[in-house]
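Listed here are the chains, written in short residue letters.
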There are 2 protein chains.
Amino acid sequence: MKLSTKGRYGLRALIDLALYSEEEAVSIQSISNRQNISVSYLEQLVAKLRKAGLVQSVRGANGGYRLAKPSDEISVGDILRALEGNLDAVTCSGNQEHSTCEGADLCVTRFVWQRINESITQAVDTMMLSQLVEESRELRDKGQICNQKCEN
Amino acid sequence: MKLSTKGRYGLRALIDLALYSEEEAVSIQSISNRQNISVSYLEQLVAKLRKAGLVQSVRGANGGYRLAKPSDEISVGDILRALEGNLDAVTCSGNQEHSTCEGADLCVTRFVWQRINESITQAVDTMMLSQLVEESRELRDKGQICNQKCEN
DNA sequence: GTAATTCCGACTGTTTTACTCGGATTTCTC
DNA sequence: GAGAAATCCGAGTAAAACAGTCGGAATTAC
């Protein structure tokens, strides 16, 4: 029931990327320096974000990444799902037609998993990257940007 | 970000227990028969529920378990936390005083984890075992009790 | 005394996590 | 064209978590 480092680091990385990619593409190396995450691990994370269509890459020297669409069109849910896969706490196979869970709609616990899943979905899909970026910018301007010891 | 079988099986087991323990204590063997979960694994799960004060044991022959308190005083959150531990998707150490996350309240992502955690907490703590038992009873009386193929 | 039961800790195979590493490819700059 | 700075990609690996099983001790009804 825990979010892995993929989701935690990946969200930090993408906020960083959004924050610094206005003028030029942001390299993985520079994210690594600021966020204290290894270059090789970041490569993996950013690859997932790219495959999900959240960032675009610019290859070659002076290359890097930038957002593939405006930050107010990217939800935290989009980001976490790209990194972690399905966020459902329990993936009840009952949504498909002929699933293994034949009495799906009769399953009492199913009601429970659905409510949990819905509440998570609702939470992550209503938070937008733009909000986080804005908040980050405010803190940065006040000189209060989160230091490196924070690992979440 | 998934609930393990501990939480999934354990909730099913406790609903079953609540449903059948009105007259006499329910043995692990009988839960196993109805719910199709191995006796040895159930022992582990029920031990957790007992240590959390949700069920009481009756030792010896004809022994078994019953609820330690009324089913409307036991929330799904109580049950899942007993089985899975803390349900927070990210356990930000920042709640303690001198945590390793010094800039805790400045951490932008922290805001995200908090919202996710709160939404999960809200969902699980407002669902009561009594509701689930009632719903189960209705289905059972209609002869529609979930068959064994449902594994959630 | 015996059978039914809870209680308990140790053990084990499998899967997932959290990474690292080596090298191929692309592109800018000189 | 050479070299450096990047992305891109797949494979590998140690450690942890998961999903159980197993053997046996303790308790109690009959």
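First things first, this report covers the structure right here in the doc.

Parameters at a glance
Residues numbered from 1 in each chain as written. Chains lettered and ligands numbered in written order. Predicted model: local features only at pLDDT ≥ 70, side-chain atom pairs only at ≥ 80, totals over all residues. Heavy atoms only, no water. Near = heavy atom within 4 Å. Polar contact = N/O pair within 3.5 Å; in protein donor to acceptor, adjacent residues only side chain to side chain. Helix = DSSP H or I, 4+ residues; strand = E, 2+ residues; numbered from the N terminus. Nonpolar A, V, L, I, M, F, W, Y, C, P; charged D, E, K, R; others polar. Core = buried A, V, L, I, M, F, W, Y, C linked by side-chain atoms within 4.5 Å. Buried < 20%, exposed > 50% of the residue type's maximum accessible area, 1.4 Å probe, protein only. Contact = heavy atoms within 4.5 Å. Phe/Tyr/Trp six-rings, centres within 6.5 Å; stacked < 30°, edge-to-face > 60°. Lys NZ or Arg CZ within 6 Å of the ring centre and 35° of its normal.

1. A short note on the protein's contact with DNA strand C
Okay, so step 1: In the region of DNA strand C, 22 residues are neighbours, and Ser38 and Gln44 of chain A together with Glu43, Ser57 and Tyr65 of chain B sit closest.
Okay, so step 2: Taking the atoms of DNA strand C that fall within 4 Å of the protein, sugar and phosphate contribute 72% of them.
Okay, so step 3: Between DNA strand C and Ser40 of chain A there is a distance of 3.4 Å, counted from a phosphate oxygen to a side-chain nitrogen or oxygen.
Okay, so step 4: A distance of 2.7 Å is found between a base nitrogen of DNA strand C and a side-chain nitrogen or oxygen belonging to Glu43 of chain B.
Okay, so step 5: Within the residue set of the surface near DNA strand C, elements represented by two or more residues are α1 (5-20) and α3 (39-51) of chain A together with α3 (39-51), β1 (55-58) and β2 (64-67) of chain B.
Okay, so step 6: Here the surface near DNA strand C takes 3 residues from α3 of chain A, the largest share from any one element.
Okay, so step 7: Each residue belonging to the surface near DNA strand C can be placed in one class, and the counts come to 7 nonpolar, 11 polar and 4 charged.

2. Remarks on the nonpolar core
Okay, so step 1: Formed by 84 residues in total, the largest nonpolar core has its most connected members in Ile79, Ile116 and Leu129 of chain A together with Ile79, Ile116 and Leu129 of chain B.
Okay, so step 2: Those residues within four positions of Leu129 of chain B in sequence are excluded, and the remaining contacts are Leu14, Ile15, Ala18, Leu67, Ser71, Ile74 and Ile79 of chain B.

3. With respect to unusual backbone geometry
Okay, so step 1: A positive phi is found at Asn36 of chain A, a non-glycine position, where the angle reads about 60°.
Okay, so step 2: Among the structural elements, Asn36 of chain A can be located in the loop between α2 (28-35) and α3.

4. Topic: the packing of aromatic side chains
Okay, so step 1: For the coordinates displayed, the defined rule picks out 2 aromatic pairs over all chains.
Okay, so step 2: Relative to Tyr41 of chain B, the ring of Tyr9 of chain B has its centre 6.1 Å away and its plane inclined at 85°; by these criteria the two rings are edge-to-face. Taken as a pair, Tyr9 of chain B in helix α1 (residues 5-20) and Tyr41 of chain B in helix α3 lie far apart in primary sequence, 32 residues in all.
Okay, so step 3: A relative accessible area of 25% places Tyr41 of chain B in the partly exposed class.
Okay, so step 4: Above the face of the Tyr20 of chain A ring, Arg34 of chain A is positioned so that its terminal group lies 3.8 Å from the ring centre.

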